[in-house]
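Inside the fold
Spelled out, the chains give:
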Amino acid sequence: MSLKDQLPRGGQDQREKAGLPEEHRYEIKTEELIIHAGEKEIYGRIAYPVTDGKCPAVICSHGYNGTHDWYNPQCDMFAQHGIVAYCFDFCGGCTRSRSSGKSTDMTLFTEKHDLLQVIDFISSMDRVDEHAVFLIGGSQGGIVTALAAEERADQLKGIMLYCPAFGIPDNWRGRLGADIPETFDHWGLTLGKAFFTSMKDFSAFDHIGRFKGPVLIFQGDEDSVVPPESSYRAAQKYEHAEVILLKGEGHGISESGVAFAMNRMLRLIDETVKRSAV
């Protein structure tokens, strides 16, 4: 595990655009893509380069009460660099979710199941290189991404996380105690009792580390939701993890911070795919 302090907001990452010059980028197409998983419908958007042959793929998982929309610009950028990119709404994961399901049925583990279904579907697509699939997740989507990677450790090539909320189970266990209500409103989303009971005796830090590929964690040093110490602790569980501390960033990464992260993620994907081809 390594730790790097990166440029403060307003530095070089703000003056440079992410990725290749525009004249070297692929033409892309975007489409709605609904994945049917049993009785569930998982709504998402796919972006892909106009090219022959199979491409690497990234799958992006949003945070608590978020949607796939936050990742749309990033997915377009990945596609312009020859990478198939899919972002989706977790079932019951947001008041604005376009996937099926109710928020009162959502838990970390239903979201993990959603992501596993997405991984299997995207990996099987004709245009995707099944041996070059990467995951991206932010906040609650970060912990879900890490947990899903444990179950697909031999299938995935790398995971990249924005301010991953590994401490969710530990934090809630201390807040609610034994008397858990049937529903609980938190940050604009109504949660069901199962959200809390399902992780009563669960700590994410005890269930990560089997994944042996590269892990890249972007962490704001002013994050008041996920303290940097949580990312450091998680990184120590992995063999090949790097924490990139973004100075001046909070839990919501700024546009310049995302541009900086995009460059690092594109580099990780490129280097990992090239190593695998040797």
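The following refers to the structure shown.

Cut-offs and rules
- Residues numbered from 1 in each chain as written.
- Predicted model: local features only at pLDDT ≥ 70, side-chain atom pairs only at ≥ 80, totals over all residues.
- Heavy atoms only, no water.
- Helix = DSSP H or I, 4+ residues; strand = E, 2+ residues; numbered from the N terminus.
- Buried < 20%, exposed > 50% of the residue type's maximum accessible area, 1.4 Å probe, protein only.
- Contact = heavy atoms within 4.5 Å.
- Lys, Arg positive; Asp, Glu negative; His and termini not counted.
- Charge placed at Lys NZ, Arg CZ, Asp CG, Glu CD.
- Pairing = 2+ DSSP bridges.
- Axes fitted to C-alpha atoms, helices over the stretch in contact; angles between N-to-C directions.
- Parallel < 35°, antiparallel > 145°, perpendicular 65-115°, else oblique.
- Left-handed = near helix turned anticlockwise from the far one by under 90°.
- Nonpolar A, V, L, I, M, F, W, Y, C, P; charged D, E, K, R; others polar.

Of the regular secondary structure elements, the protein chain holds eight helices and 11 strands. Along the first, second and third principal axes, the C-alpha atoms of the protein chain reach 60 × 45 × 30 Å. Looking at the protein chain residue by residue over its 278 residues, the buried ones come to 56%. The contacts of the protein chain with a sequence gap of at least 6 include a subset with a gap of at least 24, amounting to 76%. For the protein chain, the distance from the average site of its 29 positive side-chain charges to the average site of its 40 negative ones is 3 Å.

Another point: helix H2 (residues 72-80). For H2, the full list of buried residues reads Asn72, Gln74, Cys75, Met77, Phe78 and Ala79. Phi turns positive, to about 85°, at Gly82, one or two residues after H2.

With that settled, consider the pairing of strand S3 (residues 40-49). S3 sits mainly inside the fold: eight of its 10 residues count as buried. Here strand S2 (residues 28-37) runs beside S3; their pairing, made up of 10 bridges, is antiparallel. The residue of S3 that forms the bridge with Thr30 is Ala47. Taking the residues between adjacent antiparallel strands as the criterion, S2 and S3 are bridged by two residues, where Gly38 takes a positive phi near 65°.

Between H2 and helix H8 (residues 255-277), whose axes approach to 11 Å, the crossing angle comes to 40°. In terms of axis orientation, H2 runs oblique to H8. The chirality of how H2 crosses H8 is right-handed. For the pair H2 and H8, the contacting residues are Gln74, Met77 and Phe78 in the first and Val258, Met262, Met265, Leu266 and Ile269 in the second. In the contact of H2 with H8, the residues fall into seven nonpolar, one polar and no charged.

By themselves these figures say nothing about function.
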